[in-house]
Amino acid sequence: MNNIHIPPVVKNILIINVIFFIATMVITRVDLGTVLGVYYFDSPRFGFWQPITYMFMHGGFMHIFFNMYAVFMFGSVLEQRWGAKRFINFYLITGLGALALQWAVQAFEVYQITGSAIDRGQIPLDLFLKDRFNPALYSMEKSATLASVYFTPMVGASGAVFGLLVAFAMLYPNVELYIMFIPVPVKVKYVIPVYVVLELFLGVGKFQGDSVAHFAHIGGALIGFLLVKLWKDNNRFYDYYE
């Protein structure tokens, strides 16, 4: 018999994500991605529930598969170490931190174009809803950026997952992982920092056709790092390096 043990919070996260994913395929009369994904805080499509629900929505099978695989692999170890309450707090806080940094970057983009992080009536949102631009107001590039910020939802558990990856690397730095295309195992303390730097490079580069919210990944990683440091400093029995 299979003796794989999945701790309760991780199990519930997996179940909820799968339910949401199946619902997006079964319920076709409503685009759940636009309802449960999260929009820019100044978007007319933003809903107060979205900062939580977006963490359980995914854009495709590979998206949910790799995220949930990471939750299972790394989250199970962390939940067993921390307990259910601390683990769920960590997961949700890193997910919210990911969103906060993504919003901050979007606010900076809007500010650069319009001089304000929020719409004061100068952004033709009604035209963007119809996929139309007014070149007399903004260039096509700037209009596309504004339309993307205001009307493209973010979905996925990736921000929280990056928090888990960083926490695991801090607590178990010498655990070895097998990475695709690398014939030898590599310690996690080397893999995760390189991964985070790669996300920063991709986020700053803004490569054409790249729709991944890289700064959300960085935000989750940053908050994860700070939480582990905070909990370590407030608990003298906390074994930081293991």
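Here the structure is a predicted model, which is why all the values come from computation and not from measurement.

1. Quick look at the nonpolar core
In a soluble, globular protein the nonpolar side chains are often hidden away together inside. Among the nonpolar cores identified, the biggest contains 36 residues, and Val71, Leu78, Trp82, Phe87 and Phe90 are the most heavily contacted of them. Elements with a minimum of two residues in this core: α1 (8-26), α4 (61-82), α5 (84-114), α8 (158-171), α9 (188-205) and α10 (214-233). Top contributing element to this core by residue count: α8, with 11 residues. If near-sequence neighbours (up to four positions away) are discounted, Phe87 is found in contact with Val9, Val10, Ile13, Gly75, Leu78, Glu79, Trp82 and Leu164. Counting residues in each nonpolar core, the second largest holds 23 residues, with Tyr40, Met55, Trp103 and Leu125 among its members.

2. Points about the packing of α1 against α4
Relative orientation and spacing of two packed helices are given, respectively, by the angle between their axes and the distance between those axes. Where α1 contacts α4, the two axes come as close as 9 Å, and the packing angle between them is 170°. Here α1 is positioned roughly antiparallel relative to α4, judged by the angle of their axes. Within the contact between the two elements, α1 uses Pro8, Val9, Val10, Ile13, Leu14, Asn17, Val18 and Phe21 and α4 uses Phe61, Ile64, Met68, Val71, Phe72, Gly75, Ser76 and Glu79. Along the lines of polarity and charge, the residues of the contact of α1 with α4 split into 12 nonpolar, three polar and one charged.

3. Points about a nonpolar patch on the surface
A cluster of nonpolar residues, Val18, Ile22, Met25, Val26, Ile27, Val30, Val35, Phe48 and Trp49, forms a patch on the protein surface that exposes about 850 Å² of accessible area. The biggest single contributor to the nonpolar patch is α1, with four residues. With respect to the helices and strands, the residue Val35 is situated in helix α2 (residues 32-36). By relative accessible area, Val35 is classed as partly exposed at 31%.

4. Considering the side chain of His217
Here His217 lies in helix α10. What His217 contacts, discounting residues up to four positions off in sequence, is Ser158, Gly159, Phe162, Glu199 and Val212.

5. Brief notes about the packing of aromatic side chains
Considering all chains together, one arrives at 17 aromatic pairs under this definition. When the centroid spacing of 5.2 Å and the interplanar angle of 40° are considered together, the rings of Phe168 and Tyr172 count as tilted. The two residues Phe168 and Tyr172 agree in class, both being buried. Linked through ring pairs, Tyr40, Phe41, Phe46, Trp103, Tyr150 and Phe151 together constitute an aromatic cluster. Sitting over the ring of Trp231, Arg86 keeps its end group 4.4 Å from the ring centre.

6. Focus: helix α7 (residues 140-151)
Side chains that are three or four residues apart share a direction in an α-helix, a result of its 3.6 residues per turn. Counted at 1.5 Å a residue, the expected span for α7 with its 12 residues is 16 Å, and the 16 Å between its end C-alpha atoms agrees. Taken residue by residue, α7 has Ser143, Leu146, Ala147, Val149, Tyr150 and Phe151 as its buried positions. Along the axis of α7, the buried residues cluster in a sector spanning 165°; they form a single face. On its buried face, α7 is in contact with α5 and α6 (125-129).

7. Side note on the environment of Asn12
With respect to the helices and strands, Asn12 occurs in helix α1. The class for Asn12 is partly exposed, based on a relative accessible area of 43%. The spatial distance from the C-alpha of Asn12 to the C-alpha of Met73 is 14 Å, given a sequence separation of 61 residues.

8. Brief notes about the confidence of the model for the protein chain
Put simply, the protein chain has an average pLDDT of 89, and 93% of its residues get 70 or more. Considering only residues more than four positions removed or in separate chains, one finds that residues 236-242, a stretch of pLDDT under 50, has 20 contacts.

9. Here we look at the environment of Ser211
Note that Ser211 resides in the loop between α9 and α10. Classification of Ser211 by relative accessible area gives exposed; the value is 74%. Separated by 59 residues in the primary sequence, Ser211 and Thr152 have C-alpha atoms spaced 9.7 Å apart.

What counts, and at which threshold
- Residues numbered from 1 in each chain as written.
- Predicted model: local features only at pLDDT ≥ 70, side-chain atom pairs only at ≥ 80, totals over all residues.
- Heavy atoms only, no water.
- Core = buried A, V, L, I, M, F, W, Y, C linked by side-chain atoms within 4.5 Å.
- Buried < 20%, exposed > 50% of the residue type's maximum accessible area, 1.4 Å probe, protein only.
- Helix = DSSP H or I, 4+ residues; strand = E, 2+ residues; numbered from the N terminus.
- Contact = heavy atoms within 4.5 Å.
- Axes fitted to C-alpha atoms, helices over the stretch in contact; angles between N-to-C directions.
- Parallel < 35°, antiparallel > 145°, perpendicular 65-115°, else oblique.
- Nonpolar A, V, L, I, M, F, W, Y, C, P; charged D, E, K, R; others polar.
- Patch = residues over 30% accessible without salt bridge, like charges linked within 9 Å, V, L, I, M, F, W, Y side chains within 5 Å.
- Areas by Shrake-Rupley, 256 points an atom, 1.4 Å probe, with all protein chains shown as cover.
- Salt bridge = Lys/Arg side-chain N within 4 Å of Asp/Glu carboxyl O.
- Phe/Tyr/Trp six-rings, centres within 6.5 Å; stacked < 30°, edge-to-face > 60°.
- Lys NZ or Arg CZ within 6 Å of the ring centre and 35° of its normal.
- Expected span 1.5 Å × (residues − 1).
- Arc of directions from axis to C-beta.
- pLDDT = per-residue confidence, 0-100.

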